[in-house]
2 protein chains.
Amino acid sequence: MSQHLKKVAILLSGRGSNFVALSDAIQEGKIPARIVLVFSNRPDAQGLEKARQRGYPTACIPPEGRGREPYDQLVAEALQEAGAEVICLAGYMRILSPVLVRAFPERILNIHPSLLPAFTGLRAQRQALEWGARVSGCTVHFVDEELDHGPIILQHPVPILEGDTEESLSERILVHEHEIYPQALRIVCQGKYRIQGRRVIVDQA
Amino acid sequence: MSQHLKKVAILLSGRGSNFVALSDAIQEGKIPARIVLVFSNRPDAQGLEKARQRGYPTACIPPEGRGREPYDQLVAEALQEAGAEVICLAGYMRILSPVLVRAFPERILNIHPSLLPAFTGLRAQRQALEWGARVSGCTVHFVDEELDHGPIILQHPVPILEGDTEESLSERILVHEHEIYPQALRIVCQGKYRIQGRRVIVDQA
């Protein structure tokens, strides 16, 4: 019985390490998905070059000279033309406007380097260190119209060690980002979940 | 070389399970401390009865008819008369006013059933469930003049499971409260730490 492959688009702005983790898991058959587009707002994003090397369709729209909503309208159209059913933000350094979020309701995933609701926004690892937290981690969640806010699919804790720097903590969290993002995308692509209020209930297999 | 035993007072309002965990660890010689007073705002607190059975000095001042600051002034005096050097809140269901916090600056510890700064205030376990968090935990921190806010000594993560209720999650977190509260009190009584801003730096032994 062949399983339907969900069409996934990935949005990135940087090196795309989470994109690579997702791509690897898909190629290894762990996620019933097919990557139909890798999109960036930055033509020089290393992740775009990696996507080309892996043979994926890529697209880039520079935001310069465009307003936030008109830009996001173009992005939504590019994603729809590619047939994307699920969107994964993977180091995409733009806050999505409602026009993009509403085009894919409960179909956009993001990964954030903290245990939300703690330490939203930029440089979450540094925020955790400065707050003196002893545990941080990472979160995969659905994107809604508030920043780093939507229903949580998976989280993983990471201890903060004496002597940790922003760099060392970020590296240790990243290891777990690369684990839980593919796991979360698998849950979503298999469709074995439902959202109740803020809670994502995963069906036990 | 005999080590100085820190004089510890414990404040509780309920069954006092964290008091019992601290008392056990002290009696087992794991913490260089001596309990000089177990105090409650509630004469019917089960923890008070346990303290009497264990032979500790106890005190209770009912708050009825007293303002917050006058009450806390009486509590501070009782703690000072007992010679308390370190105060442990163990399910003490009153918010401390500045008069009490300032009487023991960076000498009052509290345990909270979440990974602060997430889910401050009452029923933190229920808040975590309703928020759809996948990881919560517990935090031992110094008390400052903001609720559930002071510098963190230790935290421990606890996964939230499918089907968890407020009761089941609270029970699993409590197991780790009983572990990290004695560990944190040990650090404080040994004096092997320093506070830099919000960060508690523990000297590596």
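Preceding block: the structure.
As the structure is a computational prediction, the values presented were derived from the model and not from experiment.

Thresholds, definitions, all that
Residues numbered from 1 in each chain as written. Chains lettered and ligands numbered in written order. Predicted model: local features only at pLDDT ≥ 70, side-chain atom pairs only at ≥ 80, totals over all residues. Heavy atoms only, no water. Helix = DSSP H or I, 4+ residues; strand = E, 2+ residues; numbered from the N terminus. Rg over C-alpha atoms; globule rule 2.2 N^0.38 Å. Buried < 20%, exposed > 50% of the residue type's maximum accessible area, 1.4 Å probe, protein only. Contact = heavy atoms within 4.5 Å. Lys, Arg positive; Asp, Glu negative; His and termini not counted. Charge placed at Lys NZ, Arg CZ, Asp CG, Glu CD. Least-squares fit on C-alpha atoms with pLDDT ≥ 70 in both. Buried area = accessible area lost by both parts, 1.4 Å probe. Polar contact = N/O pair within 3.5 Å; in protein donor to acceptor, adjacent residues only side chain to side chain. Nonpolar A, V, L, I, M, F, W, Y, C, P; charged D, E, K, R; others polar. Phe/Tyr/Trp six-rings, centres within 6.5 Å; stacked < 30°, edge-to-face > 60°. Lys NZ or Arg CZ within 6 Å of the ring centre and 35° of its normal. Pairing = 2+ DSSP bridges. Axes fitted to C-alpha atoms, helices over the stretch in contact; angles between N-to-C directions. Parallel < 35°, antiparallel > 145°, perpendicular 65-115°, else oblique. Left-handed = near helix turned anticlockwise from the far one by under 90°.

1. Topic: the overall build of chain A
Within chain A, the secondary structure is distributed over six helices and nine strands. Its C-alpha atoms give chain A a radius of gyration of 17 Å, near enough to 17 Å, the size a compact globule of 205 residues would have. Counting only C-alpha atoms, chain A reaches 50 × 45 × 35 Å along its principal axes. Per-residue burial over chain A gives 53% buried out of 205 residues. Here the analysis covers contacts within chain A between residues at least 6 apart in sequence; of these, 64% occur between residues at least 24 apart. Positive and negative charge centroids in chain A, built from 23 and 24 side chains respectively, lie 4 Å apart.

2. Description of the relation of the copies chain A and chain B
Each copy of the sequence occupies a distinct position, and chain A is placed on chain B by a rotation of 180° and an axial shift of 0.0 Å, giving an RMSD of 0.0 Å. The symmetry that links the two subunits is that of a two-fold axis. Closest to the rotation axis within chain A is the C-alpha of A:A118, separated from it by 2.7 Å. The fraction of interface residues of chain A whose copies in chain B are also interface residues reaches 100%, indicating that both copies meet through the same surface.

3. Some words on the interface of chain A and chain B
Between chain A and chain B, the residue contacts involve 27 residues of the former and 27 residues of the latter. Carbon and sulfur atoms supply 59% of the area that chain A and chain B bury against each other, a total of about 2,300 Å² over both sides. Its largest share of buried area at the contact with chain B, chain A owes to A:W131, A:R134 and A:R199, together 31% of the area lost on that side. If you look at where chain A meets chain B, you find 14 residue pairs in polar contact (both at pLDDT 80 or more). Top contributing element to the side of chain A that touches chain B by residue count: strand β7 (residues 152-159) of chain A, with six residues. A class-by-class count of the residues in the side of chain A that touches chain B yields 16 nonpolar, five polar and six charged.

4. Let's talk about the packing of aromatic side chains
As enumerated under the stated definition, the model contains eight aromatic pairs over all chains in all. Positioned above the aromatic ring of B:W131, the side-chain terminus of A:R198 is 3.5 Å from the ring centre.

5. Structural notes on the pairing of strand β9 (residues 199-202) of chain B
Residue and element names in this part refer to chain B. By the bridge criterion, four bridges tie strand β8 (residues 193-196) to β9 in an arrangement that is antiparallel. From the neighbouring strand, Y193 faces β9, where its bridge partner is V202. Where β8 hands over to β9, the hairpin turn is made up of two residues, of which G197 adopts a positive phi near 65°.

6. Some details on the packing of helix α5 (residues 124-131) of chain A against helix α6 (residues 166-190) of chain A
Residues and elements named next belong to chain A. Contact pair α5 / α6: the axes reach a minimum separation of 9 Å and the direction vectors enclose 120°. What the angle tells us is that α5 and α6 run oblique. Note on packing geometry: the crossing formed by α5 with α6 is right-handed. Note on element contacts: α6 touches α5 through E166, L169, S170 and I173, opposite Q125, R126 and L129.

Everything listed here is a matter of geometry and, on its own, says nothing about what the molecule does.
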